[in-house]
Amino acid sequence: MATNVSAAPARTPNAVAQIRSILHAQQDAWNRGDVDEFMNGYARSASTVFISEDSVRRGWETVRARYRQKYSDRAKMGTLSFSDIEINLLSSDAAVVLGRWRLERAKDRPHGRFTLIFRAPARGLANCARSYVGGAAVIICRRLRQPRSFRGSLKRPTIHAAA
C-alpha cells in the first residue's frame, strides 16, 4: 500500500508534459520493436520492482528479461497504444499516473489498465513504474536515466512513497 504525506502539490505543467513525453517515447520504442529503448523508461537499478499477474520481479535486468521472453518477436509485441491517461501530481517531485494500454496483434487485442509511480530523482520526474496487467499493479523505482531535455527541471525529492 502506498502512503504519501505532502502539502498541496505545485501544478507544474512542465512535469505533466515530461510524463506525457516519456510515455510517448516508450510507446514509440515498443512500436519499433525496440525493447531495450522501451526499457529506458525503467530505473536501471536492482530496486526496480515489476508486478504482473501473480509474480513480483525485482531488478531492471529481470524486468528486461521478462519482456524479451514474453515479447520475443514483433508479432508478439503488436502495436501498443495508451489511452485515458490521468496524471495526478502529488508534489513537485512525485506523481501517480493511471491509464489504459492496448496491444493490437494479428490474432488478439489484449488490453488493461496500469498504474505508474513517477518520482523525481535529483534531476526531475521520471517514469518509474508500468504494469501491463489488467489490475492495478505498481512498479516502484528510485532512479531513472532521463532524456537530457528533462534533466534539472524539478527540485530534489522531499517526500517518499512507501510500498
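A short tour of the structure in this document, coming up.

How each quantity is defined
- Residues numbered from 1 in each chain as written.
- Predicted model: local features only at pLDDT ≥ 70, side-chain atom pairs only at ≥ 80, totals over all residues.
- Heavy atoms only, no water.
- Salt bridge = Lys/Arg side-chain N within 4 Å of Asp/Glu carboxyl O.
- Buried < 20%, exposed > 50% of the residue type's maximum accessible area, 1.4 Å probe, protein only.
- Helix = DSSP H or I, 4+ residues; strand = E, 2+ residues; numbered from the N terminus.
- Polar contact = N/O pair within 3.5 Å; in protein donor to acceptor, adjacent residues only side chain to side chain.
- Core = buried A, V, L, I, M, F, W, Y, C linked by side-chain atoms within 4.5 Å.
- Phe/Tyr/Trp six-rings, centres within 6.5 Å; stacked < 30°, edge-to-face > 60°.
- Lys NZ or Arg CZ within 6 Å of the ring centre and 35° of its normal.

Focus: the pattern of salt bridges
Enumeration over the complete set of coordinates arrives at eight salt bridges. In this structure, the salt-bridge partner of Arg-109 is Glu-104, at a minimum N-O distance of 2.6 Å. When its relative accessible area of 46% is taken as the criterion, Arg-109 is described as partly exposed. Among the salt bridges present, the one from Arg-105 reaches Asp-108, with a minimum N-O distance of 2.8 Å. If you follow the salt bridges from partner to partner, you end up with Asp-36, Glu-61, Arg-64 and Arg-68 in one network.

Description of the environment of Ser-52
Structurally, the position occupied by Ser-52 is in strand S1 (residues 49-52). Of the polar contacts made by the side chain of Ser-52, one reaches the side chain of Arg-66; its length is 3.2 Å.

A short note on the nonpolar core
The biggest cluster of nonpolar side chains holds 27 residues, and the ones touching the most others in it are Ile-19, Trp-30, Phe-38, Met-39, Tyr-42, Tyr-67 and Val-97. Looking at this core, the elements that each hand over two or more residues are helix H1 (13-31), helix H2 (35-38), helix H3 (60-70), strand S3 (79-91), strand S4 (94-104) and strand S5 (111-119). Among the elements that make up this core, the one with the highest residue count is H1 (six residues).

Section: unusual backbone geometry
The phi torsion at Glu-53 lies on the positive side, around 55 degrees, for a residue other than glycine. Here Glu-53 lies in the loop between S1 and strand S2 (55-58). One non-glycine residue with positive phi stands out, namely Asp-84, at about 50 degrees. With respect to the helices, strands and loops of the structure, Asp-84 is situated in strand S3.

Examining the packing of aromatic side chains
Taken as a whole, this structure holds seven aromatic pairs when the rule is applied. Ring geometry for Trp-30 and Phe-38: centres 5.0 Å apart, planes at 65 degrees, overall edge-to-face. Under the relative-accessibility criterion, Phe-38 is labelled buried at 0%. A cation over a ring is seen here: Arg-66 above Tyr-67, with NZ or CZ 5.3 Å from the ring centre.

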